[in-house]
Amino acid sequence: MTQARAKTEPLSFTASIDDCIVEWFLKDKNEIIKKLKSMGFRRSAVIDRARELGLSEQFLKWCALGNPKVAMRACLGCAERFLSVGVQNRLCPRCKNRS
Ligand SMILES: [Zn+2]
């Protein structure tokens, strides 16, 4: 066993990591989960994060039907990034409910 743990800082999910997770979930690319793992993310943590972003089984089934242009996009209301299902979808669920 090798001890390669130099830092114990918690890993944070940055915008680019979120993009990777979305791509991994939608396209089921093995190299993406491998990359995330090599960065120190546990698979279970990545799956938890995917849930947080709104990537559910139901969502994936819906995607398979409509083939939407799913990506993380900045909300026009609050500038938070959220899981958007197309270029016309620019309000996060929170802002959508508010308006
Ligand atoms: Zn918003």
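Preceding block: the structure.
Rules used throughout
Residues numbered from 1 in each chain as written. Predicted model: local features only at pLDDT ≥ 70, side-chain atom pairs only at ≥ 80, totals over all residues. Helix = DSSP H or I, 4+ residues; strand = E, 2+ residues; numbered from the N terminus. Buried ≥ 20, exposed ≤ 12 C-beta atoms within 10 Å, placed from the backbone. Contact = placed C-beta atoms within 7 Å. Core = buried A, V, L, I, M, F, W, Y, C linked by C-beta atoms within 7 Å. Pairing = 2+ DSSP bridges. Axes fitted to C-alpha atoms, helices over the stretch in contact; angles between N-to-C directions. Parallel < 35°, antiparallel > 145°, perpendicular 65-115°, else oblique. Nonpolar A, V, L, I, M, F, W, Y, C, P; charged D, E, K, R; others polar.

Undergrad: What exactly am I supposed to notice about the overall build of the chain here?
TA: Looking only at helices and strands, one finds 5 helices and 2 strands in the chain. Listing each helix as α and each strand as β along the chain from the N terminus yields α-α-α-α-β-β-α. The 99 residues of the chain split such that 13% are buried. Within the chain, contacts between residues separated by at least 24 positions form 38% of all contacts whose residues are at least 6 apart in sequence.

Undergrad: It is not clear to me how the environment of Arg49 should be interpreted in this structure. Could you clarify?
TA: Mapped onto the elements of the fold, Arg49 is located in helix 3 (residues 43-53). On the basis of neighbour counts, which here come to 17 C-beta atoms within 10 Å, the residue Arg49 falls in the partly exposed class. Along the backbone, Arg49 and Val22 are 27 residues apart, and their C-alpha atoms lie at a distance of 9.9 Å.

Undergrad: Is there a simple way to think about the environment of Met39 in this case?
TA: Along the polypeptide, Met39 turns up in the loop between helix 2 (30-38) and helix 3. Along the primary structure Met39 and Leu11 are separated by 28 residues, whereas in three dimensions their C-alpha atoms are 8.7 Å apart.

Undergrad: When you look at the nonpolar core in this model, what are you seeing that I'm missing?
TA: Residues Cys20, Ile21, Val22, Trp24, Phe25, Leu36, Val46, Leu55, Val70, Phe82, Leu83 and Cys92 constitute the largest nonpolar core, which totals 12 residues. Elements that contribute at least two residues to this core include exactly helix 1 (15-27) and strand 2 (81-84). Setting aside chain neighbours within four positions, we find Val22 in contact with Leu53, Leu55, Val70, Ala71, Met72 and Leu83.

Undergrad: In this structure, what is going on with unusual backbone geometry? I would like to understand it.
TA: Generally, phi is negative for residues other than glycine and the peptide bonds are trans, each holding for most cases. Its identity as a non-glycine residue notwithstanding, Asp28 has a phi of 55 degrees, on the positive side. Turning to its location among the elements, Asp28 is positioned in the loop between helix 1 and helix 2. Phi at Ala79 takes a positive value of approximately 70 degrees, unusual for a residue other than glycine.

Undergrad: Quick question: what am I supposed to make of the pairing of strand 2 here?
TA: Successive side chains on a regular strand alternate, one facing one side of the sheet and the next facing the other. As defined by bridge partners, strand 1 (residues 71-74) adjoins strand 2 across 4 bridges and the pair is classed as antiparallel. Within the sheet, the bridge partner assigned to Met72 lies in strand 2 and is Leu83. Turn length for the strand 1-strand 2 hairpin, with the two strands adjacent in sequence and antiparallel, is 6 residues, and the turn residue Ala79 shows positive phi of about 70 degrees.

Undergrad: Can you help me understand the packing of helix 1 against helix 3 in this one?
TA: In helix packing, the relevant descriptors are the interaxial angle and the interaxial distance, both defined with respect to the helix axes. With their axes 10 Å apart at the nearest point, helix 1 and helix 3 run at an angle of 90 degrees to one another. Of the possible angle classes, the one that applies to helix 1 and helix 3 is roughly perpendicular. Along its contact with helix 1, which presents Asp18, Ile21, Val22 and Phe25, the element helix 3 presents Val46, Arg49, Ala50 and Leu53. Among the residues making up the contact of helix 1 with helix 3, the classes are represented as 6 nonpolar, no polar and 2 charged.

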